Amino acid sequence: QVQLVESGGGLVHPGESLRLSCAAAGYSLKDYCVAWFRQIPGKAREGVACTTGSSIYTYVEAPVKGRATISRDNANDTVVHLEMTTMTPEDTGVYRCAVEKRTHPTWCWGSFGSWGQGVQVTVST
């Protein structure tokens, strides 16, 4: 398993942007599929965005399409970011990253064997 630590959460105001980071301890994430999930109170966990190994493909789910970007850090291949713009209170929740190696280069969503603990994001005035 890969140890993952998320950072960048906290309180943001409606309309603001946020960047979360997912850092792997001692592993390059270059060949890993990396995904961000969120758990919104009262709702099932949902996928936010996913990038395949080497970022050949990137998927952004409907609830955040146009507002979320998943990207690999240019300088550090152990870090993947999730940037979200125009945050709303409905984005409040716990955000977690997960990684897995896939056998097919276009596969992204599926089961993940390594998860971070998550970081709280609260959007409020």
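Residues numbered from 1 in each chain as written. Predicted model: local features only at pLDDT ≥ 70, side-chain atom pairs only at ≥ 80, totals over all residues. Heavy atoms only, no water.

A few words now on the overall build of the chain. Along its length, the chain carries 0 helices and 11 strands. Based on the C-alpha atoms only, the size of the chain along its principal axes is roughly 40 × 25 × 25 Å. In the chain, which comprises 125 residues, the proportion classed as buried is 41%. Carbon and sulfur atoms make up 50% of the accessible area of the chain, which totals about 6,400 Å². (Helix = DSSP H or I, 4+ residues; strand = E, 2+ residues; numbered from the N terminus. Buried < 20%, exposed > 50% of the residue type's maximum accessible area, 1.4 Å probe, protein only. Areas by Shrake-Rupley, 256 points an atom, 1.4 Å probe, with all protein chains shown as cover.)

This part is about the sheet that holds strand S1 (residues 4–7). Judged by pairing direction, the sheet is antiparallel, and its 4 strands sit side by side in the order S1-S3-S8-S7 without closing on themselves. Two strands lie at the open edges of the sheet, namely S1 and strand S7 (68–72), each paired on one side alone. Mean inter-strand twist for the sheet, computed between neighbouring axes without regard to direction, equals 15 degrees. Bridge count for strand S3 (residues 18–24) against strand S8 (residues 79–84) is 6 bridges, and the pairing is antiparallel. Looking across to S8, one finds that leucine 20 is bridged to leucine 82. (Pairing = 2+ DSSP bridges. Axes fitted to C-alpha atoms, helices over the stretch in contact; angles between N-to-C directions.)

Turning next to the side chain of arginine 67. Along the chain, arginine 67 turns up in the loop between strand S6 (58–60) and S7. Reaching out from arginine 67, the side chain makes a polar contact with the backbone oxygen of threonine 86 at a distance of 3.1 Å. Arginine 67 has contacts with Glu83, Met84, Thr85, Thr86, Met87 and Asp91, leaving out every residue within four places of it along the chain. (Polar contact = N/O pair within 3.5 Å; in protein donor to acceptor, adjacent residues only side chain to side chain. Contact = heavy atoms within 4.5 Å.)

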